[in-house]
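Structural features, examined
Given next are the chains, with one letter for each unit.
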Amino acid sequence: MSNLIKQEEMETLRELIKGVDTAMLTTLTEEGLISRPMKTQEVEFDGDLWFFTKKETDKYKEILHDQEVNVAYAGKSYVSVRGRAEIVEDLDKKKELWSKAYEKVLQTSYDNPDIVLIKVKAEAAEYWETGNFTKRIAFLYKRMTGKNAESTHVNETIELDK
């Protein structure tokens with residue numbers, strides 16, 4: 001895949017998730033998959049997604065056990081990002097991404113050793129444009145009548161091999 005195509009795909013994802021305040025982070029537990037809402041960081045998407053959490057949470061432990069995650073966004077479009085998560089304890093990065101809102105929500109400051117970042121390196125993404133009403137209706141009609149809905153192309157998949 002050329003760098004130009006990668007850049008165009010990254011720009012598409014950047015635009016689709018821009019302004020979506022909350023994402024759903026899905027991790028794997030011993031019982032199966034679990035999703036929870038996470039505050040989206042206000043940084044330019046470059047293939048990595050960032051979230052704050054505390055070490056005492058289940059998601060922290062789940063990521064230490066299995067790094068495969070999914071992050072879903074619902075806004076002007078729907079985006080599902082598959083990737084690998086890692087725990088980042090870099091104080092400078094935490095300070096860079098920190099805002100006063102986190103002090104209230106997490107009831108602490110960025111330099112608390114219990115506060116860590118979850119970095120999700122995107123590997124692939126699938127998105128559904130909500131702007132094309134005709135495609136959505138055609139897709140739903142074909143699905144309801146048992147016909148092949150694949151030809152309506154309501155979604156796109158992007159492989160992000162960085």
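A few points on the structure. Being a predicted model, the structure only gives us computed values, none of them experimental.

In this section: the overall build of the chain. When helices and strands are tallied, the chain shows five helices and seven strands. Shown N-terminal to C-terminal, the secondary structure of the chain runs as helices and strands in the order α-β-β-β-α-β-β-α-α-β-α-β. Going through the 162 residues of the chain one by one, you find that 39% of them count as buried. Counting contacts in the chain only where the partners sit at least 6 residues apart, residues at least 24 apart contribute 65% of the total. When the accessible surface of the chain is summed, it comes to about 9900 Å², and 51% of that surface belongs to carbon and sulfur atoms.

Scanning all chains against the criterion turns up four aromatic pairs. An angle of 55° between the planes, with centres 4.8 Å apart, marks the rings of Phe 52 and Tyr 102 as tilted. Taken together, the residues span a long stretch of sequence, with Phe 52 in strand S3 (residues 48–54) and Tyr 102 in helix H4 (residues 100–106) at a distance of 50 residues. Judged by relative accessible area, which is 7%, Phe 52 ranks as buried.

Below, the discussion takes up the pattern of salt bridges. Evaluation of the coordinates by the stated rule reveals nine salt bridges. A salt bridge links Glu 123 to Arg 82; its shortest N-O distance comes to 3.4 Å. Taken together, the residues span a long stretch of sequence, with Glu 123 in strand S6 (residues 115–129) and Arg 82 in strand S5 (residues 77–88) at a distance of 41 residues. When its relative accessible area of 36% is taken as the criterion, Arg 82 is described as partly exposed. Between Glu 103 and Lys 100 there is a salt bridge, with its nearest N and O atoms 3.7 Å apart. With a gap of three residues between them, Glu 103 and Lys 100 both fall in helix H4, about one helical turn apart. Given the relative accessible area of 63%, Lys 100 is considered exposed.

Right, let's talk about helix H2 (residues 58–65) for a bit. Lys 59, Tyr 60, Glu 62 and Ile 63 are the residues of H2 that are buried. Buried residues of H2, viewed axially, fall in a sector of 165°; they line one side. Counted as exposed and oriented over 90 degrees from the buried face of H2: Asp 58, Leu 64 and His 65.

Residues Leu 49, Phe 51, Val 71, Tyr 73, Val 79, Ile 118 and Val 120 are the most contacted members of the largest nonpolar core, which totals 26 residues. Sorting the residues of this core by element identifies helix H1 (3–17), strand S1 (22–28), S3, H2, strand S4 (68–74), S5 and S6 as the ones contributing at least two each. A per-element tally of this core places S6 first, with six residues. Dropping the residues within four chain positions of it, Val 71 is found in contact with Ala 23, Met 24, Leu 25, Leu 49, Phe 51, Val 79, Ser 80, Val 81 and Val 120. Among the nonpolar cores identified, the runner-up in size contains nine residues, and Trp 50, Leu 97, Tyr 102 and Ile 115 belong to it.

Secondary-structure assignment places Thr 40 in the loop between strand S2 (33–39) and S3. From its side chain, Thr 40 meets the backbone oxygen of Val 20 in a polar contact 3.2 Å long. With residues up to four places along the chain from it excluded, the contact list for Thr 40 reads Val 20, Asp 21, Thr 22, Ala 23, Phe 51, Tyr 73 and Tyr 102.

Next up on the list: unusual backbone geometry. Even without being glycine, Gln 107 reaches a positive phi, approximately 55°. As for its position among the elements, Gln 107 is in the loop between H4 and S6. For Gln 107, a relative accessible area of 70% corresponds to the exposed category.

Reading the values: rules and limits
- Residues numbered from 1 in each chain as written.
- Predicted model: local features only at pLDDT ≥ 70, side-chain atom pairs only at ≥ 80, totals over all residues.
- Heavy atoms only, no water.
- Helix = DSSP H or I, 4+ residues; strand = E, 2+ residues; numbered from the N terminus.
- Buried < 20%, exposed > 50% of the residue type's maximum accessible area, 1.4 Å probe, protein only.
- Contact = heavy atoms within 4.5 Å.
- Areas by Shrake-Rupley, 256 points an atom, 1.4 Å probe, with all protein chains shown as cover.
- Phe/Tyr/Trp six-rings, centres within 6.5 Å; stacked < 30°, edge-to-face > 60°.
- Salt bridge = Lys/Arg side-chain N within 4 Å of Asp/Glu carboxyl O.
- Arc of directions from axis to C-beta.
- Core = buried A, V, L, I, M, F, W, Y, C linked by side-chain atoms within 4.5 Å.
- Polar contact = N/O pair within 3.5 Å; in protein donor to acceptor, adjacent residues only side chain to side chain.

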